[in-house]
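Structural overview
Listed below are the residues making up each chain.
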Amino acid sequence: MADTSKDRKPGIQVIARAAAVLRALEGEAGGLSLGRIASRTGLPRSTVQRIVGALEAEGWVMAASPEGRVRLGPALARLAMTARADMARIAHPYLEELSRRINETVDFAVLDGDDAVFIDQVVAPNQLRAEFSLGDAFPMHCSAHGKAIPRAEALAEAELPDEPGRVTHLMEELGEVRRTGLAFDREEHIKGICAVSAAVRDSLGGVGAISVPVPATRFYDNEDTLTAALLEFCRRIETALGSAAA
């Protein structure tokens, strides 16, 4: 990645370079060396060392190994938790309205480590319904909300290490998910339960997924209605979140 911050004012340049370092560390649980960060960002190693030192003093990064690798620090985790809470709070009225519109349960999930985790839910008053608990974690490769979250591609091979053919098929499916904005689980994760999901983004780049889990007996004849309503409400939620994608 080339350094594109050279023509910016000094204060903005420093922020842009610090952001580039943080982005380079995203998803790197084992950390990166200063040299590797420099390679990814296009910044001189000496510049990376100064920025990492400043970020470490603020808790944005921390040591990941005795060999000098660093990873994202606890201060960012606290900010992420706040951002998740804000996303859920803003989205909740729309989840309620969507649930009333389609008379089905609606869930909101975010990425937590390598799993998609429910942080909010509106349960429909159906006698036969799909219902999970807040905090439940689902694998990325076979759940609708897992597939809807963009990091599913990076996690697929880790979840399916002995099934290369299945990984290839999943990558093709995820390509279609990114094209259409819709992810499906047709009884892959739990027999008898289907779901459709779509990602939502906030103005800071945070990503969640809104999903509609439905008993299979009601899902297959109502896919068009469910997907149309889901996409409409995801656009509305992104507008409320201030997303540029809305």
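See the structure above.
Let me sum up the structure you'll find in this document. (Residues numbered from 1 in each chain as written. Predicted model: local features only at pLDDT ≥ 70, side-chain atom pairs only at ≥ 80, totals over all residues. Heavy atoms only, no water.)

**Thoughts on the pattern of salt bridges**
The test is simple: When a carboxyl oxygen of Asp or Glu is within 4 Å of a side-chain nitrogen of Lys or Arg, the pair counts as a salt bridge. By definition, any uninterrupted DSSP run of H or I lasting at least four residues is a helix, any uninterrupted run of E lasting at least two residues is a strand, and each is numbered from the N terminus. Note on exposure labels: buried denotes an accessible area under 20% of the residue type's maximum, exposed denotes more than 50%, and partly exposed covers the range between, all computed with a 1.4 Å probe on protein chains only.
Tallied over the full model, the rule gives 11 salt bridges. Ionic pairing is found between Lys-147 and Glu-188, a salt bridge with its closest N-O pair at 2.7 Å. Of this pair, Lys-147 sits in helix 5 (residues 144-148) while Glu-188 is found in the loop between strand 6 (183-186) and strand 7 (193-201), placing the two residues 41 residues apart along the sequence. Accessibility expressed as a relative area gives 0% for Lys-147, which makes it buried. Between Glu-176 and Arg-179 there is a salt bridge, with its nearest N and O atoms 2.6 Å apart. Of this pair, Glu-176 and Arg-179 are both found in helix 7 (residues 164-180), three residues apart, which corresponds to roughly one turn of the helix.

**Side note on the side chain of Asp-120**
Worth spelling out the cut-off: As used throughout, the charge tally considers Lys and Arg to be positive and Asp and Glu to be negative, leaving His and the chain termini uncounted. In the analysis that follows, any N or O atom pair within 3.5 Å is treated as a polar contact, provided that within protein one partner can donate a hydrogen and the other can accept it, and provided that, for residues neighboring in sequence, both atoms belong to side chains. By the convention used here, residues are in contact when the closest approach between their heavy atoms is within 4.5 Å.
Within the secondary structure, Asp-120 is located in strand 4 (residues 115-122). Buried and unpaired, Asp-120 has no salt bridge, with Arg-89 as the nearest side chain of opposite charge at 10 Å. A polar contact is formed between the side chain of Asp-120 and the side chain of His-92, at a distance of 2.6 Å. Those residues in contact with Asp-120 that sit more than four places away from it in its chain are Ala-88, His-92, Leu-95, Val-106, Asp-107, Phe-108 and Leu-134.

**Details of unusual backbone geometry**
For Asn-103, which is not glycine, the phi dihedral falls at a positive 55°. One can find Asn-103 in the loop between helix 4 (74-102) and strand 3 (106-112). You can call Asn-103 partly exposed: its relative accessible area is 37%. The backbone of Glu-187 shows a phi angle near 65°, a positive value even though the residue is not glycine. Within the secondary structure layout, Glu-187 lies in the loop between strand 6 and strand 7. Residue classification places Glu-187 among the partly exposed positions, given a relative accessible area of 23%.

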